[in-house]
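Given next are the chains, with one letter for each unit.
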Amino acid sequence: MSGSLTVIGLGPGNAAQVTPEALAAIEAGEDFFGYGPYVDRLNLRDDQRRHASDNREEISRAEAALMLAAKGGRVCVVSGGDAGVFAMAAAVCEAIEAGPAEWREIHFSVVPGITAMLAVAARVGAPLGHDFCAISLSDNLKPWELIEKRLIAAAEAGFVMAFYNPVSKARPHQLSRAFDVLRAHLPGSVTVVFGRAAGRPDERMRIEPLSNAHSDMADMATCIIVGSTETRLIERPGQAPLVYSPRSAGKI
Ligand code: SAH
């Protein structure tokens, strides 16, 4: 008998940004797989089991969850933000595609969550108000050359960009390199938002022109939004500036 596997996005970090749908799915789950800090966010009952693992073990975690679901369990896999944005939903789909036929009989569903770029954008105004793209700067799963190619294409096409995974201990220099690539294709006046730990007690928003943007301004908990040449900054007395990308953005 096949069980169910639900991949749940827990939002950027505060309880108010977990959706009612996610809460209901957690309530109904029996076994919870995920990166330790995300599993720690769940207020599990004594009859619910946690299977926390390291951040890098996405496919083996997906396989373990699928094996349990195939035996009839009500299994949940949790991710921060949205589960489908640089997170576990794609890893589970990949495991289903490569795995035994019985995994395709599992009731599979994804519960969306508020992804980091939306949480950050909401804090500063509406920088994603017009066309935008999201790029992970992690080269764990793709070559750095491809990331540079995408940065240049996005800059030339006039997209606002949201960067996930901007730095890690293993890649200390790549964010500097990314800013250098962008400075060669965009004016230095373009607005860059460093949104750290959105929705958490240690949240910090910083706004800089691209000319000043520096890798020291970001860490692993930062989502960076790089504006387009159309993105506007409104200074306000006594309040943080507003950043927005107007609806009329875009010239050929
Ligand atoms: N699934 C997640 C993204 C996971 S990738 C989501 O949808 O948000 C991990 C990256 O997400 C981090 O390196 C950082 O760039 C970003 N991130 C996650 N939570 C964040 C938060 N609360 N504030 C800012 N950025 C965050």
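Residues numbered from 1 in each chain as written. Predicted model: local features only at pLDDT ≥ 70, side-chain atom pairs only at ≥ 80, totals over all residues. Heavy atoms only, no water.

Enquirer: Looking at this structure, how should I read the environment of glutamate 57?
Expert: Mapped onto the fold, glutamate 57 is located in the loop between strand S3 (49-53) and helix H3 (58-70). The spacing of glutamate 57 and tyrosine 35 is 22 residues in sequence and 8.6 Å in space, taken between C-alpha atoms. (Helix = DSSP H or I, 4+ residues; strand = E, 2+ residues; numbered from the N terminus.)

Enquirer: Just checking my understanding: could you explain the environment of aspartate 54 for this structure?
Expert: Positionally, aspartate 54 belongs in the loop between S3 and H3. Through-space distance from the C-alpha of aspartate 54 to that of glycine 36 is 6.8 Å; in sequence the pair is 18 residues apart. Beyond its immediate sequence surroundings of up to four residues, aspartate 54 is in contact with Tyr35 and Arg61. (Contact = heavy atoms within 4.5 Å.)

Enquirer: Sorry if this is basic, but what is going on with the sheet that holds strand S12 (residues 232-236) here?
Expert: The pairing of strands in a sheet comes from backbone hydrogen bonds and takes either a parallel or an antiparallel form. Strand order in this open sheet of 3 strands is S6-S13-S12, and the pairing throughout is mixed. A single partner strand is all that each edge strand has here, and the edge strands are strand S6 (125-126) and S12. In this structure, S6 lies alongside strand S13 (residues 239-244), joined through 2 bridges in parallel fashion. Considered in S13, the bridge of glycine 125 is made with valine 243. (Pairing = 2+ DSSP bridges.)

Enquirer: Would you mind going over the environment of proline 241 with me for this structure?
Expert: Position of proline 241 among the secondary structure elements: in strand S13. Linking proline 241 and alanine 62, residues 179 residues apart in sequence, is a C-alpha distance of 42 Å. Contact partners of proline 241, with chain neighbours within four places excluded, come to Val124, Ile207, Leu233, Ile234, Glu235 and Arg236.

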